[in-house]
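Coordinate analysis (summary)
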Amino acid sequence: MYKVDDRGYYGKFGGAYIPELLHPCVEELRRNYEKIISQKDFQKEFEQLLADYVGRPTPLYFAKRFSDHYQANIYFKREDLCHTGAHKVNNTIGQILLAQRLGKKRIIAETGAGQHGVATATVCALMGVDCIVYMGEKDIERQAPNVKRMKMLGAEVRPALSGSKTLKDATNEAIRDWINNPDNTHYIIGSVVGPHPYPEMVAKFQSVISKEIKKQLLEKTGNENPDIIVACVGGGSNAAGAFYHYLNEENTRLVAVEAAGLGIHSGETAATSVIGSEGIIHGSRTLLMQTSDGQIVEPYSISAGLDYPGIGPLHAHLISSGRAEAISVTDEEALRAAYFLSRKEGIIPALESAHAFAAMEQMDYEKGDTVVLNLSGRGDKDLATYSKYFEKFNEK
Ligand SMILES: *Cc1c(COP(=O)(O)O)cnc(C)c1O
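Reference entry: report on the structure contained in this document. Keep in mind it's a predicted model, so treat the numbers as computed, not measured. (Residues numbered from 1 in each chain as written. Predicted model: local features only at pLDDT ≥ 70, side-chain atom pairs only at ≥ 80, totals over all residues. Heavy atoms only, no water.)

**A few points about the site of the ligand**
Quick note on the threshold: Proximity criterion: a residue is near a molecule or strand once any of its heavy atoms comes within 4 Å of it. N or O atoms closer than or at 3.5 Å make up a polar contact, with two conditions inside protein: a donor-capable atom paired with an acceptor-capable one, and, for residues adjacent in sequence, both atoms drawn from side chains. Per-residue and other accessible areas follow the Shrake-Rupley method at a 1.4 Å probe size, with only the shown protein chains counted as cover for residues. Under the convention adopted here, Pro, Cys and the residues Ala, Val, Leu, Ile, Met, Phe, Trp and Tyr are nonpolar, Asp, Glu, Lys and Arg are charged, and Gly plus all remaining residues are polar.
Taken together, 17 residues form the shell around the ligand, and within it Lys88, Ser191, Gly234, Gly236 and Ser237 come nearest. In the model, an oxygen atom of the ligand is placed 2.7 Å from a nitrogen or oxygen of the Lys88 side chain. At 3.2 Å, a backbone N or O of Gly235 approaches an oxygen atom of the ligand. Against a free-state accessible area of 380 Å², the protein chains account for coverage of 97% of the ligand. Each residue belonging to the shell around the ligand can be placed in one class, and the counts come to 4 nonpolar, 11 polar and 2 charged.

**Examining the nonpolar core**
General note: in soluble globular proteins, nonpolar side chains tend to be found buried as a group. Here is the rule we go by: Think of a nonpolar core as a cluster: buried Ala, Val, Leu, Ile, Met, Phe, Trp, Tyr and Cys residues, connected wherever their side-chain atoms sit within 4.5 Å. Accessible area is worked out with a 1.4 Å probe on protein chains only. A residue is then buried under 20% of its type maximum, exposed over 50%, and partly exposed in between. Domain borders in the structure are assigned automatically or taken from a domain database. Only heavy atoms matter for contacts: two residues are in contact if any of them lie within 4.5 Å across the pair.
With 82 residues, the main nonpolar core has Phe42, Ile93, Leu98, Met150, Trp178 and Phe243 as its most contacted residues. Residue assignment places this core across two domains, with domain 1 (22-49 + 88-201) and domain 2 (56-85 + 207-387) each supplying three or more. Those residues in contact with Trp178 that lie beyond four places of it in its chain are Leu22, Cys25, Val26, Ile108, Thr185, His186, Tyr187 and Tyr198. Formed by 37 residues, the second largest nonpolar core is a distinct cluster that contains Val257, Ala334, Ala359 and Val371.

**Focus: the sheet that holds strand 7 (residues 156-160)**
To keep it simple, the criterion reads: By this definition, two strands are paired if DSSP reports at least two bridges between them. Secondary structure is summarised from DSSP: a helix means a run of H or I of at least four residues, a strand means a run of E of at least two, and numbering begins at the N terminus for each. Fitted lines through C-alpha atoms give the axes, limited to the stretch in contact for helices. The angle between two N-to-C directions lies from 0 to 180 degrees.
Here we have 4 strands laid out as an open sheet, ordered 7-6-5-8, and parallel in their pairing. Each end of this open sheet is capped by a strand with a single partner; those strands are strand 7 and strand 8 (185-188). Averaged over neighbouring strand pairs, the angle between their axes works out to 25 degrees when direction is ignored. In terms of strand pairing, strand 5 (residues 106-111) meets strand 6 (residues 130-136) through 6 bridges, oriented parallel. Paired with Thr111 across the strands is Met135, a residue of strand 6. Packing against the sheet, helix 8 (residues 167-180) makes contact with strand 5, strand 6, strand 7 and strand 8, and its axis sits at approximately 160 degrees to strand 5.

See below:
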């Protein structure tokens, strides 16, 4: 019911709205990906790398002090313990194996904050293939540590100089590159966005998260279904992975947490499902933030990974059909949650993940509910931001 249909739609969202010149590339992928990823040798290699290289399964951790505080049984899914520090590598491992089987020797990617660029550069180094990462010139300045990581890993970082010199411009450059190099190049998209088949393909690679949650929760509690699963949504890949095997378990509530930035109606926000409307972005029909004449509104969040003007079509469908609940969390609420989690459990979360944890303050739940919070990444990359607020949140 929530799975993609043959034409690439989740309800009315999704599809492949692409320029004609891109059609052969996307069509080649669409025709081949399901066959390839369902092959035994593909699955074997994927699972082996997830185990020995990424470090899966990641733990499902019962957070005792957190649970006492909120009067619920709270588990953290520890994607922060993945190699490279977040869930994004689950997808790039899957796509690099797919690219090899499609005979593609050259990889391109777009990145905003640089996390997806690092995850892509990592798997390209692992497989010994060329890697070109497009990144807005402004983001190259703002995200210097990740640029250095990509270069250390052997990737070429190409600046996007047009428009606002940020993620959407980097995406345009990557698409242009793909059109010019259709035969030898695979484009690794970093979230459940883009034209069909990307949203479903990325969701499938990330679905290892909920596959593991089911098994681990059954072992720990005797029931594989929690009452609630909570995850943050930028494009929506960690949430898609955490929700995937629960989509048809209607007794498990799915909570998608967006970045409200300075406030939903402040003009500085990324709360797409609240202030967005239907339109087309990066090749799919979905909810996005746009002006009345259809120009994309620049999003804002303190968290670079949530700073995206759309959400993936799966999430647009889940939220508009009522299957998932959307919650918006401001910069300040996320910062407070990051300090709280660090002091309560000894875990410094990524700013993105801190948004999911802050949702505990607004969400309806019953005392004693079992809640899984998806801890999508670790906070090392955000220490410079966190330390600016030390005085403000330095409380017991
Ligand atoms: C990139 C990123 C996100 C947001 O991307 P999704 O596709 O929505 O998951 C969330 N958390 C972390 C740690 C990230 O690096």
